[in-house]
Amino acid sequence: MPELPEVEALAGFLRERVVGHAIARIDVLAVSALKTYDPPVTSLGGLTVTGASRHGKFLDLDVDGLHLVIHLARAGWLRWRDEIPARPARPGGKNPLAVRVHLDDGSGFDLTEAGTKKGLAVYVVRDPAEVPGVASLGPDPLDDAFTPEALGAIVGGKRTQIKGLLRDQKVIAGIGNAYSDEVLHVARMSPFKIAASLTGEDVAALHEAIVSTLRDAVERSRGLEAQDLKGEKKTGLRVHARTGQKCPVCGDTIREVSFADSSLQYCPTCQTGGKPLADRRMSRLLK
């Protein structure tokens, strides 16, 4: 799933290629991806893109005051085309294409989504705050207002595991499964640690880990082509999706805890005092 660094890079990518161009038309092949009808998506035709920005994991194209807001969900992606094919795309079957945006110079981009679970969401709104997911976002961790004191207020009294809290978009915007693993590894903190139990030192270390990890990922992704962002993310991860490999810090074996539809990775030596975390799902499979 694209998270804050990749979405930030995509916004920069689109600022370079789309801003200043008019939208010729938008083809919606997967009707389920379009979440709004007023204004209609056809109203964007002929209007000029004046800006590209990010809200958490949401992309936002300002089109002469209207906004095309995109959430790529788990398996969605943006694919740039220097030249849009002349033949109209056909929906259905195994075609991952959901939405195609044509620009006035013949270029454009596709929004695709692989797999059977569909979560890609596209909105045409007058104000990004009309998108429920944007309106409910917590603070952006790269905003100057996101200070250690602000994080302390967020975690204070929360009787939830810190891993889940970091992934909650209503609490902190933009961090998903991958970067929450990375942040907790940098902070040397167990993903099962209860948020309310964090000391002042813990909060300071977690804040530093959040900001440094995300800023580093943003810098690594800056200026890359959209097609290269996934590969950059994978190569930059230290523990996430690296089960069984050696921790780059201490050399211990990276472990995994599996859930119904996701998993987390961590280093026992760096994060849990050398003690493996209970993985109930794996235990049931072994039985």
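Right above here is the structure, for reference.
So, a few notes on the structure that sits alongside this text. (Residues numbered from 1 in each chain as written. Predicted model: local features only at pLDDT ≥ 70, side-chain atom pairs only at ≥ 80, totals over all residues. Heavy atoms only, no water.)

1. Quick notes on the sheet that holds strand β1 (residues 23–28)
And step 1. Ordered by their spatial adjacency, four strands build an open sheet running β1-β6-β7-β5, and the pairing between neighbours is antiparallel. At either end of the open sheet lies a strand with only one pairing partner, and these are β1 and β5 (76–81). Across the sheet, the mean angle separating the axes of adjacent strands is 15 degrees when strand polarity is ignored.
And step 2. Direction of pairing for β5 relative to strand β7 (residues 108–113): antiparallel, over a ladder of six bridges. Bridging across to β7, Arg79 finds its partner in Asp110.
And step 3. Taken strand by strand, helix α1 (residues 4–17) contacts β5, β6 (97–103) and β7, and its axis lies near 25 degrees from that of β5. (Pairing = 2+ DSSP bridges. Helix = DSSP H or I, 4+ residues; strand = E, 2+ residues; numbered from the N terminus. Axes fitted to C-alpha atoms, helices over the stretch in contact; angles between N-to-C directions. Contact = heavy atoms within 4.5 Å.)

2. Notes on the packing of aromatic side chains
And step 1. Using the criterion set out here, one finds one aromatic pair in the structure.
And step 2. With a centroid separation of 6.0 Å and an interplanar angle of 80 degrees, the aromatic rings of Phe13 and Trp80 are classed as edge-to-face. On the criterion of sequence distance, the pair formed by Phe13 in helix α1 and Trp80 in strand β5 is long-range, its members being 67 residues apart.
And step 3. Using a relative accessible area of 3% as the deciding quantity, one classes Phe13 as buried. (Phe/Tyr/Trp six-rings, centres within 6.5 Å; stacked < 30°, edge-to-face > 60°. Buried < 20%, exposed > 50% of the residue type's maximum accessible area, 1.4 Å probe, protein only.)

3. Focus: the environment of Leu198
And step 1. Here Leu198 lies in the loop between α5 (177–186) and α6 (200–221).
And step 2. The spatial distance from the C-alpha of Leu198 to the C-alpha of Lys158 is 10.0 Å, given a sequence separation of 40 residues.

4. Quick word on the packing of α5 against α6
And step 1. Packing of α5 against α6 leaves a shortest axis separation of 8 Å and a crossing angle of 125 degrees. Here α5 is positioned oblique relative to α6, judged by the angle of their axes. In this structure, α5 meets α6 at a crossing whose hand is right-handed. Here Tyr179, Glu182, Val183, Leu184 and Val186 of α5 lie close against α6, whose contacting residues are Leu206, Ala209, Ile210, Thr213, Leu214 and Ala217.
And step 2. In terms of residue class, the contact of α5 with α6 is built from nine nonpolar, one polar and one charged. (Parallel < 35°, antiparallel > 145°, perpendicular 65-115°, else oblique. Left-handed = near helix turned anticlockwise from the far one by under 90°. Nonpolar A, V, L, I, M, F, W, Y, C, P; charged D, E, K, R; others polar.)

5. Topic: the pattern of salt bridges
And step 1. For the coordinates displayed, the defined rule picks out 14 salt bridges.
And step 2. Between Glu16 and Arg17 there is a salt bridge whose closest N-O contact spans 3.3 Å.
And step 3. Given the relative accessible area of 60%, Glu16 is considered exposed.
And step 4. With a shortest N-O distance of 2.8 Å, Glu225 and Arg17 are connected by a salt bridge. Note that Glu225 is positioned in the loop between α6 and α7 (229–236) and Arg17 in helix α1, a separation of 208 residues in sequence.
And step 5. Of the residues examined, Glu225 reaches a relative accessible area of 32% and is grouped as partly exposed.
And step 6. Because the salt bridges share partners, they merge into one network encompassing Glu3, Glu6 and Lys233. (Salt bridge = Lys/Arg side-chain N within 4 Å of Asp/Glu carboxyl O.)

6. Some thoughts on the sheet that holds strand β8 (residues 121–125)
And step 1. Strand order in the open sheet formed by four strands is β2-β3-β4-β8, and the pairing between neighbours is antiparallel. The open sheet is flanked by β2 (49–55) and β8, the only strands paired with a single partner. Each strand axis lies, on average, 15 degrees off the axis of its neighbour in the sheet, ignoring direction.

7. Considerations on α5
And step 1. When you tally the buried positions in α5, you get nine out of ten residues, the bulk of the element.
And step 2. Regarding α5, the residues found buried are Asn177, Ala178, Tyr179, Ser180, Asp181, Glu182, Val183, Leu184 and His185.
And step 3. On the buried face of α5, the contacting elements are α1, α4 (162–167), α6, α7, β10 (263–266) and α8 (268–271).
And step 4. Arg188 occupies a position one or two residues after α5 and carries a positive phi of about 55 degrees.

8. A look at unusual backbone geometry
And step 1. Cis geometry is adopted by the peptide bond preceding Pro39, which originates at Asp38 and carries an omega value of 5 degrees.
And step 2. Position of Pro39 among the secondary structure elements: in the loop between β1 and β2.
And step 3. Residues other than glycine seldom take positive phi values, yet Ala73 does so here, at roughly 55 degrees.
And step 4. Examined against the element boundaries, Ala73 turns out to sit in the loop between β4 (66–71) and β5.

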